[in-house]
Amino acid sequence: MKPFEIIEHTADIGIRARGVTLMELFENSARGMFSLITKEAVKPQPEIRKEIHIDKSSDKFEEILVAWLSELLYIFNKEKVFFNSFKISNLNNKGLKADVSGFNAGPRQESLRKEIKAVTFHNLRIEEAVDGFSCVIIFDV
Amino acid sequence: MKVPGVIYANEKLLYEIISDNATEQVANVACLPGIAKHSLAMPDIHWGYGFPIGGVAATDPDQGGVISPGGVGYDINCGVRLMRSDLLLEDLRPKLETLVNSLFNNIPSGVGSSGDIIAGVKDEEEIFIEGARWAVKKGYGSKEDLEFTENNGSIEGADPSKVSKRAYERGSDQSGTLGSGNHFLEIQVIDEIYDEKKAGAFGLFKGQITMMIHSGSRGLGYQICDDYVKGMFGCLSKYKISVPDMQLTCAPVNSPEGRSYLGAMKCAANYAWTNRQCLMYLARDVFEKAFNKSWSSLGLRLVYDVAHNIAKMERHNIDGKEKILCVHRKGATRAFPPGHPDLPDEYKDAGQPVIIPGDMGTFSYVLAGASGSMEETFGSACHGAGRRLSRSGAIKACHGRQIDKELFNKSGIIVRAKTRGTLAEEAPEAYKDVSEVVDVVHGAGLSVKVCRMRPLGVIKG
């Protein structure tokens, strides 16, 4: 099972993410999103670790998924932290907790190839099949 | 669908339009509560999120009409401005490369770029309320620039208290920055005049050098849209609204949530006009240094500035009755006809300039709003060429090619971009034929063709 793949969209860009569990789907969605921002291998730099708490009560996991990705994107835009490791420890209909880590992308601005404006809800549906979960996420670029 | 969907196209464009999901999106928009007359799509329509890009929808607040942040988009008041000059091609040619390099070096662009025009929290609040007036007050332009900007560069009713802390943060250092993706600054020459009288009214003539700027409200707008799309989910159950796509989440225009969004959206709209004003200031400065003359003696005057991602409360005629409607333009340009009270006096007879950028290898156009737009499209026309290929499709099509070299060798166009990826994504073949798009708008009587510009030098974010 591919953790994520880039899919065609005329104006913007999307990924199809997959996961055996919902947690893995959320982690792979984040990996997919950061793969759009840069493809280059990250050069060794001091690692930056963060704990992410998404406090959002919703019966729709799609809302929590978008909140999670939007939070990571917000930190990236504000602090220029390029995340490449995601570990969700708790996920339910009240939100999630995760440990993420990455590197300062500030000095490497030139290699950032894509500005993601936002994570959209366009036709977003988490689907469950026998082998796990999948969803298509469209990003505004 | 509560109303029919109407797509403006010719046969060739229609084949491209039906090849993606844009038509389904026109149908989805037709389901919005209080939508008036029809869900519209301009000939540059392509698949977006929620609304199609190239979509126009007006809702009637008296009929429960809604406002949808997704119907404006993340880049609130993304738009274009056109600056004219007294320069001719022969004046520019020897300096073109220096100018393009200097523009590229002096105008901050690229992913998450920040600029030298730093606004503190107090300044930012002033920008939200005053828009481009703030820039002129600070010396980044003249009063005349404001006259030739949609809404004079400042829409009334902006409410900074409706803007989140995060949105403030993201806007703080991005004034006077171009951004990335399809945003650009382009030096052009007018190579064809279609309507001498209207061109004359806009101060345009054949052989003249012009400059076009395409940018928006940067991180501020993205964050405001994001906050309100998420915030309005609760409105769906509260106001018993059902939408076919979560990205179409909305609230009645007259609800507290709808009013809050409008107040915040107007802050971003004003920020975007300030941004384009600051970008023009930076560009004028580059021209001044290159020619060793002041911008006014080079005749670097603003022709017009139009928004193409915005929602506006406007007066329109519905079945013989004048109504105030909430007009969403998502990748569509306002195109008011001659005589419209919102036009500057100088353009009252000609109509509003409708500025249509094409791709970086072909042409851009100036049109003038015509009466058909008020009768059929809530005073709107197209906004550009419209994408034909997806971004990854364009990268595949351009694999192994050097787009900048191709453009230079084929047409003498000098292109500078932050990344090679941007060049491939924005390659001319990624876009529809802009000439076909404007011909449809002209033929339908929504706007009238005035002149055509050919690119000479392009700065891509």
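This text follows the structure it describes.
Rules and cut-offs
- Residues numbered from 1 in each chain as written.
- Chains lettered and ligands numbered in written order.
- Predicted model: local features only at pLDDT ≥ 70, side-chain atom pairs only at ≥ 80, totals over all residues.
- Contact = placed C-beta atoms within 7 Å.
- Helix = DSSP H or I, 4+ residues; strand = E, 2+ residues; numbered from the N terminus.
- Nonpolar A, V, L, I, M, F, W, Y, C, P; charged D, E, K, R; others polar.
- Core = buried A, V, L, I, M, F, W, Y, C linked by C-beta atoms within 7 Å.
- Buried ≥ 20, exposed ≤ 12 C-beta atoms within 10 Å, placed from the backbone.
- Expected span 1.5 Å × (residues − 1).
- Pairing = 2+ DSSP bridges.
- Axes fitted to C-alpha atoms, helices over the stretch in contact; angles between N-to-C directions.

A.B. asks: Any chance you could explain the interface of chain B and chain A here in plain terms?
C.D. replies: Interface size is commonly expressed as the accessible surface area that is lost when the partners come together. Residue-level contacts link 34 residues of chain B with 28 residues of chain A. At the level of secondary structure, the elements contributing two or more residues to the side of chain B that touches chain A comprise β2 (39–49), α8 (165–171), α10 (218–231) and α14 (391–397) of chain B. Broken down by element, the residue count for the side of chain B that touches chain A peaks at five residues, all from α10(B). Of the residues belonging to the side of chain B that touches chain A, the class tally is ten nonpolar, 15 polar and nine charged.

A.B. asks: Any chance you could explain the nonpolar core here in plain terms?
C.D. replies: Most often, soluble globular proteins keep nonpolar side chains buried together rather than apart. Residues and elements named next belong to chain B. In terms of nonpolar packing, the biggest core is built from 193 residues, with L185, I224, M265, A268, A283 and L367 touching the most fellow members. Ranked by residues supplied to this core, first place goes to helix α12 (residues 256–291) with 18 residues. Residues contacting A268, with those up to four places away along its chain left out, are I76, N77, S217, L220, G221 and I224.

A.B. asks: Explain α10(B) to me, please; I cannot follow it from the model alone.
C.D. replies: Here α10(B) is 14 residues long and its end C-alpha atoms lie 20 Å apart, about the 20 Å a rise of 1.5 Å per residue gives. On the buried face of α10(B), the contacting elements are α2 (61–79) and β6 (118–119) of chain A together with α8 and α12 of chain B.

A.B. asks: Any chance you could explain the sheet that holds strand β3 (residues 51–59) of chain B here in plain terms?
C.D. replies: Strands pair in a sheet through their backbones, by hydrogen bonds, and they do so in one of two ways: parallel or antiparallel. Residues and elements named next belong to chain B. Read from one edge to the other, the open sheet built from five strands follows the order β1-β2-β3-β11-β10, with strand pairing classed as mixed. Each of the sheet's edge strands pairs with one partner strand only, and the pair in question is β1 (5–7) and β10 (309–318). Looking at each pair of strands side by side, their axes are set apart by 45° on average, direction ignored. Inspection of the sheet shows β10 paired to strand β11 (residues 321–330) by ten bridges, in the antiparallel sense. In the strand pairing of β11, M313 is matched with C326.

A.B. asks: I tried to follow the pairing of strand β9 (residues 301–307) of chain B on my own but got confused; where do I start?
C.D. replies: Every regular strand shows the same layout, with side chains that alternate between the two sheet faces. Residue and element names in this part refer to chain B. Along β9, five of the seven residues are buried, which leaves the element largely enclosed by surrounding structure. Pairing analysis gives six bridges linking strand β5 (residues 79–88) to β9, with the strands arranged antiparallel. If you follow L82 over to β9, its bridge partner there is Y304.

A.B. asks: Even after reading the chapter, I still don't get the sheet that holds strand β5 (residues 95–104) of chain A, so can you show me in this structure?
C.D. replies: Residues and elements named next belong to chain A. The strand order β3-β5-β4 describes an open sheet built from three strands, whose pairing is antiparallel. The open sheet has two free edges, formed respectively by β3 (48–55) and β4 (81–92), since each of these has just one partner strand. The average angle at which neighbouring strand axes cross in this sheet is 20°, direction not considered. Judged from the ten bridges that link them, β4 and β5 form a sheet pairing that is antiparallel. Its bridge partner lying in β5, F83 is registered against G102. Sheet strands touched by helix α1 (residues 22–37): β4 and β5. Its angle to β4, the strand with the most contacts, is close to 165°.

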